[in-house]
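# Residue-level structure breakdown
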Amino acid sequence: MKKYFSLVLFAHSIFAMPFALIGFFLGVTTTENPFNWYLLALVILCMVFARNAAMAFNRYLDRNIDAKNPRTVMRDIPAGKVSASEALTFVIVNCVLFVIATAFINPLCLYLSPVALFVVLFYSYTKRFTALCHLVLGLGLALAPIGAYIAVTGAFNIVPLFYSFAVLFWVSGFDIIYALQDESFDRKENLHSIPAALGIKNALRLSVVLHIFSALCVILPLFFAEFSWVYYIGILFFCAMLTYQHLLVKPTDISKVDRAFATTNGFASVIFALCFLIDAFLRSGFKGF
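A brief report on the enclosed structure follows. (Residues numbered from 1 in each chain as written. Predicted model: local features only at pLDDT ≥ 70, side-chain atom pairs only at ≥ 80, totals over all residues. Heavy atoms only, no water.)

### Comments concerning helix α3 (residues 37-61)
Along its 25 residues, α3 runs 36 Å from first to last C-alpha, staying within 8% of the 36 Å computed at 1.5 Å per residue. The backbone nitrogen of Y38 has a side-chain oxygen 2.8 Å away, supplied by the residue at the start of α3, namely N36. (Helix = DSSP H or I, 4+ residues; strand = E, 2+ residues; numbered from the N terminus. Expected span 1.5 Å × (residues − 1). Polar contact = N/O pair within 3.5 Å; in protein donor to acceptor, adjacent residues only side chain to side chain.)

### With respect to the pattern of salt bridges
Within this structure, the stated rule accounts for 6 salt bridges. K68 is paired through a salt bridge with E189; the nearest N and O atoms lie 3.5 Å apart. Of the two residues, K68 sits in helix α4 (residues 63-68) while E189 sits in the loop between α9 (183-188) and α10 (194-198), which places them 121 residues apart along the sequence. Residue R187 is joined to E183 by a salt bridge in which the shortest nitrogen-to-oxygen separation is 3.3 Å. One end of the pair, R187, and the other, E183, are both in helix α9, 4 residues apart, so they sit about a helical turn from each other. (Salt bridge = Lys/Arg side-chain N within 4 Å of Asp/Glu carboxyl O.)

### Details of the packing of helix α7 (residues 133-153) against helix α8 (residues 158-179)
The relative placement of two packed helices comes down to the angle between their axes together with the axis-to-axis distance. Running from amino to carboxyl end, α7 crosses α8 at an angle of 150°, the nearest separation of the two axes being 7 Å. Between α7 and α8, the crossing angle belongs to the class labelled roughly antiparallel. Crossing handedness for the pair α7 and α8: right-handed. Between α7, through H134, L135, L137, G138, L139, L141, A142, P145, I146 and Y149, and α8, the contact on the second element is made entirely by P160, L161, Y163, S164, V167, L168, V171, S172, D175, I176 and A179. (Axes fitted to C-alpha atoms, helices over the stretch in contact; angles between N-to-C directions. Parallel < 35°, antiparallel > 145°, perpendicular 65-115°, else oblique. Left-handed = near helix turned anticlockwise from the far one by under 90°. Contact = heavy atoms within 4.5 Å.)

### Some remarks on the packing of aromatic side chains
Think of a pair of aromatic rings as described by two things: how far the centres are apart, and how the planes are tilted against each other in angle. Throughout the structure, instances matching the rule amount to 29 aromatic pairs. Residues F238 and F272 carry aromatic rings whose centres are separated by 5.4 Å and whose planes lie at 45° to one another, so their mutual orientation is tilted. Linking F238 in helix α12 (residues 229-248) with F272 in helix α13 (residues 257-284), this pair joins segments that are 34 residues apart in sequence. Residue F238 shares its accessibility class with F272, and that shared class is buried. Cluster of aromatic residues (ring-pair linked, three or more members): F15, F19, Y163, W170, F174, Y178, F227, Y231, F238, F261, F272 and F276. (Phe/Tyr/Trp six-rings, centres within 6.5 Å; stacked < 30°, edge-to-face > 60°. Buried < 20%, exposed > 50% of the residue type's maximum accessible area, 1.4 Å probe, protein only.)

Written out as structure tokens, the structure is:
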């Protein structure tokens, strides 16, 4: 299990999981649907299975590319820690478990499960033909809040969609920053990315624009639902983290990309989600818990 956790970088679940919890508890606290530990466990399992499948498939599909890139040559498959067949088997098992878990939630989640899997797996192909691959990655993670909301309610709603769009723009923006490390390699290997297409300076500018859109998307729910001052703190912290990562990474110095990518964004998602949950619990009076 340890080598598989290394393969999928389980810690990266910290990006989407907090927003999945936002979608889940939004469904609980703003509708008549009661809190259910069993359902929450299923939602978390779906997140884990989808994340495992997506990342392991990316490692499987990119194994030859990773072997050429000095930055990624020590990843598990090129380094021989996990075989390609083992990785593919891991992908298939997690896809099956994901579909099974959705079947225990509600029919709509089950019907939409192939769509979700297609999006998160398809991302791995996109860098081969489009620089918009960052947006596809963002779309895959953006399914978390709306998917968790549907798990609770069995229906769509505009408010969780705002959080999905927030994730879409947020992840796309910080993935562009992460891809700065491979700008020259991508060009050499004819791989597509925003940094390779636009250059570091323009890529960072686009990342700023995407993060502005993300900030707007966490503000928009204020016009459609009631929130307390705690949620405002969450907005301020999230926006501060977005700003901070752009102060860390400059066109002339990308040495702090890892810090901006993992640490800053990890804090942004966790603290924002905590503020949302505290706000939701306070306003609901812990009804149903």
